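Structural overview for review
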Amino acid sequence: MKISNLLYMGALSTLTLMSCTNNDDNSEWYGSEGIVFTTAIQSRVSGNTWNANDEVGIYMMNAGSGIEAATAQNKKYIAQTNGTLTAAPGNGIYLPESGNVDFIAYYPYTTSVSGNKLAVNVSDQSNPAAIDLIYSNGTKGVAATTSTTIKLGFTHQLTKVTLNVTKDETIETLNGLGVNIKGISTEGEFNLADGALTATAGTNNKDVAMYIDAQGTTATATAIILPTAASTDQTSLNLTFNLNGQSFTHTISDASIFEKGTNVSFKANLSINNGKPVVTVGNATISNWTEKPSGDINVDFDGGTQPGGETVVLDESFATGQGSFTIDNKQLPNGEGSFVWSHGSYNDDKFMKASAYINDTKYASESWLVSPLVDLSQATTATLTFDHAHNYAGTAEEEFTLWATETSADNWQQLTIDKYGSGFKFTTATIDLSAYAGKTIKFAFKYVSTTAAAGTWEIKNVKVVANGEGGGTVDPEPEPEPGINLLTNPGFEDWTNKLPTAWDNDYNTGEIIKETTIKHSGNNSLRQTSADKATKIQQEVTVTPGKKYRLSYWYLDNDNKARTRCWFAYNSGDPSTGMQPNDYSTDNPEWQQVVVEITVPEGATILRFEARTYRESTTQVGGYIYYDDMEMVEIQ
C-alpha cells in the first residue's frame with residue numbers, strides 16, 4: 001500500500017510493496033500516525049471548541065461501499081482544542097494507493113460498537129459533554145492523492161434543554177436549586193451507517209436530574225436528552241422545580257419542539273410571592289446550537305400555570321455575516337453589482353451595509369435584503385425592531401424603506417419606518433406587524449440610489465417578537481443545518497513551508513505571507529503581493545454534476561497597487577456565469593465577501609476554488625490583497 005505521508009523511500013527501492021485493502025496491516029516502517037483530520041462542529045456543551053483529549057471514533061471505507069465494508073474500523077483519534085484530530089498510538093488511518101474513500105466519525109468514542117450501532121444513555125447528566133453525541137457522515141469521495149489533512153463536519157444528534165435562572169431580592173440564594181425532567185426516554189441506539197437514533201422500548205418514563213451550575217444569584221440548569229422523534233410514544237415533557245422543600249411540575253405538551261440538534265432554552269426568574277416561591281419562565285434565548293424557540297411558561301408554586309407571553313421568532317444581529325437573510329438585486333451599479341450589500345464593521349459594531357457610493361462615484365441601484373420566512377401563524381400580535389444608521393442620503397425616507405409580504409400572496413407592501421438616524425448614529429426602529437398575525441411573512445430592507453444621491457445604510461439587531469394567545473408557540477421556518485465546508489484549511493490556520501496546507505498553484509503563487517495581524521477571523525489570513533503577472537491561490541475539490549454549491553470567501557483590498565477577483569473553474573472547462581467575472585475589486589478599508597452559487601454541469605467532477613491577485617496597472621505592482629475564511633458548501 002502506498003501511504004500518502006511516507007517520508008523515506010530510498011532504502012525501500014529494492015522492495016515491492018503490495019496493495020492492500022485493510023488499514024490494520026500497516027508496517028512500523030512508516031513511522032507516522034497517518035491522516036490528520038480538521039473539524040467543523042456545531043458548538044459543544046462547554047463552548048464552541050473541542051475539549052482537549054476528547055476521543056473520537058473514525059471509520060474509512062471505499063467510496064460508496066458502506067460502513068459494513070470499512071477498511072479502517074472504529075479508530076480512536078484524539079481532539080485538540082483547535083479542532084485537529086490525531087490518531088491515538090496504533091490507530092492511524094492511511095489513504096489507499098488509488099481510488100476514493102468515505103469517512104464516518106462520532107463522539108464520544110467507545111469500544112462497545114455492535115453491528116455498527118452505539119448504545120446511548122442520558123440518565124446521568126453530571127457531565128453533559130460526555131453524553132453529547134455528535135456525528136459526521138458528509139466527507140465522501142476523498143481521492144487517494146489528497147493531502148493527509150482531511151476535513152470532517154460534525155452535527156449534534158441529541159437535544160439540549162437549558163434553563164437560565166435568576167432571582168430577585170426576595171430570594172437569598174439559588175444554591176440548593178433542583179430541576180428534574182420527568183417522563184422521558186433515557187436510552188436508545190444510534191446507527192452509525194445512516195445516523196438513525198431509536199429510543200429503547202420501555203424507557204420512556206424516566207426521571208432525569210438536570211445539571212445545575214449555581215452561582216448564588218444566577219444558575220444554569222442543563223440537560224441533553226433524546227430528541228422526541230427517536231421515541232414515537234414520547235408525547236410530552238415535564239419540568240419539576242424544587243425550592244426550599246416545595247415543588248411544582250409544569251407539563252410541556254408539545255414534545256415536537258425537542259428536535260435533533262436544537263437547544264430549547266428558557267429564562268427563569270425565582271421570587272417569593274405571599275410567602276411562597278414563584279418560578280417565572282420566559283422567552284427562548286439564543287445559544288450556539290441550532291436554535292428552536294420554545295415559548296413561555298409561568299410556573300407559580302401558589303398553583304397557577306400561565307402559558308403564553310412573548311416569543312422571539314427571529315433574532316439576527318448580523319454579527320458574523322448576513323445570516324439567514326438573502327440579497328435580491330433588482331438593479332446593479334455599473335460594474336459594482338456584487339458590492340451593494342456587504343457585511344461591515346466599525347469599532348465594536350457589526351452590521352449589514354448597503355452602499356453604491358464607491359470611490360467618490362455614485363451609482364444607480366436597487367437591492368433588497370430579504371428576511372427568511374417568519375411564521376406568525378399562531379401569533380395575536382407581533383413587533384419588528386432593528387437598529388439602523390445612514391449617511392450621504394438624498395431623502396432617507398425614499399432611499400431606505402421597509403417592505404413585507406404574505407408568502408401565500410407574494411404581494412409586497414411598504415411599511416412605515418418610525419425613526420431614521422443620521423450621520424451614522426444608530427437608532428432603533430419599531431414596526432407593528434400585528435396586521436400579519438396568523439400568517440407567514442417575509443420582510444425586506446429596500447435600498448435605492450441614483451447617480452445624484454447614493455447613500456449608505458447600516459442595519460443590525462433585527463428581531464421579531466410575537467405574543468401568542470393561549471400559549472401558542474411561534475416557530476420560524478427552520479433554517480437548514482449549516483453545510484459542511486468542503487475546503488481543507490479554509491482559514492489558513494495551518495502552513496507548510498511557504499504555502500498554507502492544502503492550498504497550491506499550478507504556475508504562479510507569487511509572494512505569499514502568513515499574516516497574523518490583519519485577518520477576518522481566527523489566527524491567520526493569507527497575504528498575496530501583486531506582480532507583473534496574475535498570481536493566485538487555489539484548491540481543487542471533488543463535485544457532483546447536478547448539485548448546487550455556494551462558493552464564498554473574504555478579502556481585503558485597501559491598496560492602490562493591487563486588485564483581485566475570483567476565478568472558479570471546472571475540469572470540463574465550463575466556467576459558468578459569474579465564476580470568472582470581468583470586474584475587479586476596488587479599494588475599501590473593510591473586508592468584503594465574494595459569494596457565488598453554481599450548479600455543476602454534466603461532465604464536471606472537479607472544481608478549482610481560486611482567488612487571483614492582479615497589479616493595478618503596469619506601473620503599480622507590489623500591493624497587498626488579504627484573503628480569509630474561504631468556504632465551499634453543498635446547498636442542494
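Quick note: structure is the one above.
In this report, the structure presented in the accompanying data block is examined. Here the structure is a predicted model, which is why all the values come from computation and not from measurement.

1. Let's talk about unusual backbone geometry
- Cis geometry marks the peptide bond from tyrosine 107 to proline 108, where omega comes out at 5 degrees.
- Tracing the backbone shows proline 108 in the loop between β5 (100-107) and β6 (117-121).
- Unlike most non-glycine residues, phenylalanine 318 shows phi in positive territory, near 60 degrees.
- The residue phenylalanine 318 is located in the loop between β22 (310-316) and β23 (326-331) in this model.
- Classification of phenylalanine 318 as buried rests on a relative accessible area of 0%.

2. Brief notes about the side chain of histidine 390
- Along the polypeptide, histidine 390 turns up in strand β30 (residues 381-391).
- Exposure remark for histidine 390: the relative accessible area of 9% places this residue in the buried category.
- Ignoring sequence-local partners within four residues, the contact set of histidine 390 consists of Ala396, Phe400, Tyr420, Gly421, Ser422, Gly423, Phe424, Thr456 and Trp457.

3. Topic: the pattern of salt bridges
- With the rule as written, the count across this model stands at 14 salt bridges.
- Linking aspartate 532 and arginine 615 is a salt bridge whose minimum nitrogen-to-oxygen distance equals 3.7 Å. On the criterion of sequence distance, the pair formed by aspartate 532 in the loop between β39 (525-529) and β40 (535-542) and arginine 615 in strand β45 (residues 606-615) is long-range, its members being 83 residues apart.
- Arginine 615 sits in the partly exposed class, given a relative accessible area of 26%.
- A salt bridge links glutamate 610 to arginine 612; its shortest N-O distance comes to 2.3 Å.
- Among the charged side chains, a salt-bridge network with shared partners connects Lys536, Arg608, Glu610 and Arg612.

4. Structural notes on the packing of aromatic side chains
- This model, assessed by the stated rule, comprises 23 aromatic pairs.
- Ring centres of tyrosine 135 and phenylalanine 190 lie 4.9 Å apart, and the angle between their planes is 80 degrees; this geometry places the pair in the edge-to-face category. Of this pair, tyrosine 135 sits in strand β7 (residues 134-143) while phenylalanine 190 sits in strand β11 (residues 187-191), placing them 55 residues apart in sequence.
- Summarising the aromatic geometry, the rings of phenylalanine 445 and tryptophan 457 are spaced 5.8 Å apart at their centres and angled 80 degrees between planes, so their arrangement reads as edge-to-face. Here phenylalanine 445 is found in strand β34 (residues 440-449), whereas its partner tryptophan 457 is found in strand β35 (residues 456-467), with 12 residues between them in sequence.
- You can call phenylalanine 445 buried: its relative accessible area is 0%.
- The class for tryptophan 457 is buried, based on a relative accessible area of 0%.
- Through pairs of rings, three or more aromatic residues link up here, namely Phe318, Phe325, Trp341, Phe386, Phe400, Phe443, Phe445, Tyr447 and Trp457.
- Seen from the ring of tryptophan 368, lysine 330 lies directly overhead, with NZ or CZ sitting 5.3 Å from the centre.

5. Things to note about the pairing of strand β14 (residues 211-214)
- Relative to strand β15 (residues 218-225), β14 runs antiparallel, the two being bridged by four bridges. Paired with aspartate 213 across the bridge in β15 is threonine 220.
- In this structure, the hairpin formed by β14 and β15 is closed by a connection of three residues, where glycine 216 is found at a positive phi of approximately 85 degrees.

6. Re the sheet that holds β6
- The strand order β6-β11-β12 describes an open sheet built from three strands, whose pairing is antiparallel. Sheet topology places β6 and β12 (197-199) at the edges, where each strand pairs with a single neighbour. Going from strand to strand, the sheet's axes swing by 25 degrees on average, the running direction of each strand aside.
- Of the strand pairs in this sheet, β6 and β11 are connected by five bridges, and their pairing is antiparallel. Looking across to β11, one finds that lysine 117 is bridged to asparagine 191.

Parameters at a glance
- Residues numbered from 1 in each chain as written.
- Predicted model: local features only at pLDDT ≥ 70, side-chain atom pairs only at ≥ 80, totals over all residues.
- Heavy atoms only, no water.
- Helix = DSSP H or I, 4+ residues; strand = E, 2+ residues; numbered from the N terminus.
- Buried < 20%, exposed > 50% of the residue type's maximum accessible area, 1.4 Å probe, protein only.
- Contact = heavy atoms within 4.5 Å.
- Salt bridge = Lys/Arg side-chain N within 4 Å of Asp/Glu carboxyl O.
- Phe/Tyr/Trp six-rings, centres within 6.5 Å; stacked < 30°, edge-to-face > 60°.
- Lys NZ or Arg CZ within 6 Å of the ring centre and 35° of its normal.
- Pairing = 2+ DSSP bridges.
- Axes fitted to C-alpha atoms, helices over the stretch in contact; angles between N-to-C directions.

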